[in-house]
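Structure at a glance
Residue-level listing of the chains:
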Amino acid sequence: MGVALTRAAQWTAAGIGVGKLEFTPLNISLLNSIIKFVEYVSSKHPQEAALVFREPLEWKSNLEISGFGADYQISKRTVVSKETVDGNPLLILDDSTGVIKVSTFSQLAKLLEIAQKEKLKETQACLEANRDPIAKILGPSFATVEGEDKSMLRLLEKVKKGDEEPEAEAQMKLFLLLQQLDMQLLNTSLQKISQEVRLNPQAIKNDVQLLQSFSGEGDLTVLRSINYTSEYEFSNGCRAPPWRQVHGDICYLIINTHDTETLYVTCNTAGVYLNGNFVLQKKSTPTRKTQKAEVPTNEELDQTEKFSEYQDKNKFERKKPPPKPKTRDIKKEETSFVHKALESSHRLSIKDEKAQLKVQDTKKIKKEKENVEMVAARKYKCKAAQEKAHLIQRVVSDGSEELSESSTESEEDKQDMNRQQESGTDLPSEYWQIQKVVKYLKGGNQTATVIALCSMRDFNLTNETCQLAIRDVGGLEVLINLLDTEETKCKVGSLRILKEISKNPQIRRSLAELGGLQIMVKILDSSNKDLKCLAAETIANIAKFRRARQTVRLHGGIQRLVGLLDCVPTSAHLTAEQEKDIEVARCGALALWSCSKSKKNKDAIRKAGGIPLLACLLKSPYENMLIPVVGTLQECASEPSYRLAIRTENMVKNLVRNLSSESEELQMHCARAIFKCAEDEETRNLVRTHFGLGPLVKLVSKSDNKQLLAAATGAVWKCAISMENVERFKHLKVAETLISLLIGQPEEVLINVVGALGQLARDPVIRGAIRRSSGIGPLVNLLTGTNNALLVNVTKAVGECAVDPENMSIIESLDGVRLLWSLLKKPNPDIQASAAWALCPCIENAKEAGEMVRSFVGGLELIVNLLKSDDIEVLASVCAALAKIAMDEENLAVITDHGVVQMLSSLTYTRDDMLRQNLADAVACCCKWGNNRVAFGETGAVAPLVHYLKSKSPRVHRATAQALYQLSFDPNNCITMHENGVVKLLLNLMDSTDEALQEAAAGCIANIRRLALANEKARYK
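How each quantity is defined
- Residues numbered from 1 in each chain as written.
- Predicted model: local features only at pLDDT ≥ 70, side-chain atom pairs only at ≥ 80, totals over all residues.
- Heavy atoms only, no water.
- Helix = DSSP H or I, 4+ residues; strand = E, 2+ residues; numbered from the N terminus.
- Buried < 20%, exposed > 50% of the residue type's maximum accessible area, 1.4 Å probe, protein only.
- Contact = heavy atoms within 4.5 Å.
- Areas by Shrake-Rupley, 256 points an atom, 1.4 Å probe, with all protein chains shown as cover.
- Pairing = 2+ DSSP bridges.
- Axes fitted to C-alpha atoms, helices over the stretch in contact; angles between N-to-C directions.
- Expected span 1.5 Å × (residues − 1).
- Phe/Tyr/Trp six-rings, centres within 6.5 Å; stacked < 30°, edge-to-face > 60°.

1. Remarks on the overall build of the protein
When you go through the protein residue by residue, the secondary structure sums to 57 helices and 12 strands. Across the 1021 residues of the protein, 49% fall into the buried class. Considering only residue pairs separated by 6 or more positions, the protein has 68% of its internal contacts joining residues 24 or more positions apart. Summing over all exposed atoms, the protein offers an accessible surface of approximately 50,800 Å²; the carbon and sulfur share of this is 50%.

The following block contains the structure:
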């Protein structure tokens, strides 16, 4: 085991402290093998399992004291095993530090049994803390060492002594078992590592380049030539078509030797293969004749006499490398390649695609090679042009693996990047005229440059054709270069053009790649206010995608943009200079709005002091200023630090004030900001205090503007979380308005509308209003949807409505309960939990609840199996539903047959109070059938339940007391409770004002006392 941990296991770099075992498939396999070994030694070799370690294995454990059973003595802070050697316990757990010490394999096996699902974590922690466990188990003389290991010889000498070393034989057997485990672990790791060794495109490319350097027509060359069948290389390094890459093919080679026929080779991730029966057909797949070794290209060539002869002589003549080419713009070439490939693929005729070339006589090597390349090229152009274009565009545009940091990033870029420029014959005259102007822009003097810039502005720069014309002729590079000049007029003219054309997604990406953003960030330091405004607006247009936002941050753009916000004037009458200052601040806010879609940029804005400046600008009376300011705030409000700042800087008042603005765009951004900020209770109270609920209800009635409607309904939803706000909404009669929006609205609106109704339906009056307004039917119909967020909200709304018996009868008549039950099959845990919570009031208020539940075929088995979930919310909601189901005796019998007792018992070690409460309720209800009380005791559920009484939640206390009362009717359960100190805990709870808790606690103590009295009577008879 020591050698395997040292050589086979995969450890993290140590850094500070001790290295950790990585979470890899190999390590998991090793850990599982060690766990099986410990259990095997304990069961099959009891003598060796009882052997006391020279030093105990010591590590920090996450196990709870409550998990240890009758074999251990449990005090407040420690657990020790009853099994001892020379008065020393074989297992010690200190709860204050979490450190555990184990001295035998038998105790290790028991500990793993207690750990249950945490076996892997405990084993990992043990091995990380004891890097050489054999040294601690058998002593330092058995430590893992490099070189010759004489520990076995020393152990044999001890065995020969016999009486002098009574434990030597057991040590010998244990040492042999450990060595056997070590070999097993090493073999397992070797098999797994060998499976992962595969060829890659770079290794193949290096081998081919090496052989090409020794190829040619001379006498000292090894080969005549070695070439790829395709000259195009994908971004992943492969040259095989995409439909062959999925099978592992990397590339195909044609090898011409000096003295044999031409060889055709397939390079695959699994190896390199010599093809047989090579026939040029449409989409033909070469057959593999023989599999070669890991570097097989040279070995394949060994079959030629000349290659072998030269290999023995080692007199190879490497070709002189060609002169180093000038540096190229690879991305630019790839982009142009895409356009050329797409244009050529459109021009190819169907005849050319179907044409097949016959293989020429093998003696005519050159002609055959040309034919192969021509067929491969034609196939590639006709069938793979779209795949290539898509892959290369991903690399050119934003990196093949780059993802957006923000969910709010516009999808317009993705759609527009797929557009391709029309062919030259269809282009309008403006396209060619702009190209002429750009030529003057490149070659003219200062005056000519300014005139050319003015001429270019006369064109309609919002037209995509004009924008692409500037890019195609190299105008973007010229415009960016003009920003580096000292002439203000040239800079202003260039920025005015860039501001307009940067609205095009393709242009903005090109500008970012050409380094335009860095120059514009520097211009923000200029003293010229016009330049600042234009640069900030252009940055706002370009920073629509992740890499551009990152560039702005890395080059200090966020600090400079925040500096532009420092604008004091807020009065109605301004001088010309003050108006310019306000315009500069507006443009800065506009740029920050675009940049704030990135989480790191949000932090950068906060650290640069942007929050107080935004709060100051929020008081501005100018609408065009407020829109970007509120837009930035609502974008940043997803972060808790910004929500706190919005609340403390008194921004909520201004947001509420602007809800009554005439601008619908401003109203929408204010509503969105409130929607995000109203997650916090204090903010919800501030919205009500500043009379913001009335304007929100008015905005809900504007059903024409869908974006505004979504923002307003979202704000109503979050504000309705507070019951004080629900009272206000009740007087404003918002429920009737929301019900009218349940039909014919987009999902974005429906999610918020249903969420708001779910919160409002907690009020009995509003539940009745929903019924009278015919809102139950549309809500039930939405249960058949597919949007996860909508399903979560609609189940909550239906569940709240089902609290009213009249509403429940309507839900049942519309088959709503069946739809709710079917949602338990969804894989999404949020939907499962929400559906289970909704079923609780449905079952409770249904007229024939027991019969209704039994009518769902397989429904009871489905809900019981959800107890295997790893989600706490799902487990708590299912336990609550099972408590309602178990009220019916027949249903209780069915779920008992499905193993509900064992599953509930396995959950009793939880620390989550919500799950504890509902789990205790379920246990209490399930005790009322057959021998379930006895079964709960046998499955170890009683002792953990006693510890629930130490929780701080009164609801947990009541549910636990009721469960213990039901369990106390079994004598063995009473004994277990008494051993775990239940009497003292229940006596303390009997002072509670909760009558149900008092009654359950008293009943449980009475049952325990009756058992004690019966035992005393039996003893004295």
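Additional details are given in the paragraphs that follow.
2. Considering unusual backbone geometry
Peptide bonds are, in most cases, trans, and in most cases residues other than glycine have a negative phi. In this model, Ser774 sits at a positive phi of 60°, which is unusual for a non-glycine residue. Within the secondary structure layout, Ser774 lies in the loop between α40 (764-772) and α41 (776-781). A relative accessible area of 54% places Ser774 in the exposed class.

3. Considering the sheet that holds strand β1 (residues 57-60)
Sheet strands pair via backbone hydrogen bonds, and the direction of the pair is either parallel or antiparallel. Pairing is antiparallel in the open sheet, where five strands are placed in the order β1-β7-β6-β3-β2. Bordering the open sheet on either side are β1 and β2 (72-74), each of which pairs with just one other strand. Neighbour-to-neighbour, the strand axes of this sheet turn through a mean angle of 10°, independent of strand direction. Pairing of β1 with strand β7 (residues 99-102), which is carried by four bridges, proceeds in the antiparallel orientation. Considered in β7, the bridge of Leu57 is made with Val102. Here helix α4 (residues 105-115) sits on the sheet and contacts β1, β2, β3 (78-81), β6 (91-94) and β7; the angle it forms with β7, its principal contact strand, is near 140°.

4. Concerning the pairing of strand β10 (residues 263-268)
The buried fraction of β10 is high, at six of six residues. Side chains Leu263, Val265 and Cys267 project from β10 onto one buried face, and the interleaved Tyr264, Thr266 and Asn268 project onto a second face that is buried too. With six bridges joining them, strand β9 (residues 249-256) and β10 adopt antiparallel strand pairing. Within β10, the position partnered with Ile254 by the bridge is Tyr264.

5. Concerning helix α9 (residues 201-213)
When the terminal C-alpha atoms of α9 are compared, their 18 Å separation across 13 residues agrees well with the 18 Å that a helix rising 1.5 Å per residue should span. Restricting attention to buried positions, one finds in α9 the residues Ile204, Val208, Leu211 and Ser213.

6. A closer look at the packing of aromatic side chains
Scanning all chains against the criterion turns up eight aromatic pairs. An angle of 80° between the planes, with centres 5.1 Å apart, marks the rings of Tyr232 and Phe234 as edge-to-face. By relative accessible area, Phe234 is classed as buried at 4%. Pairing Phe675 with Trp717 gives two aromatic rings, centres 6.3 Å apart and planes at 35°, and the pair type is tilted. Placement of Phe675 in helix α33 (residues 664-677) and of Trp717 in helix α36 (residues 706-719) is noted, with a sequence separation of 42 residues between them. A relative accessible area of 24% means that Phe675 is categorised as partly exposed. For Trp717, a relative accessible area of 13% translates into the label buried. Each residue in the set Phe37, Phe53 and Phe105 is aromatic and connected to the rest through ring pairs, giving one cluster.

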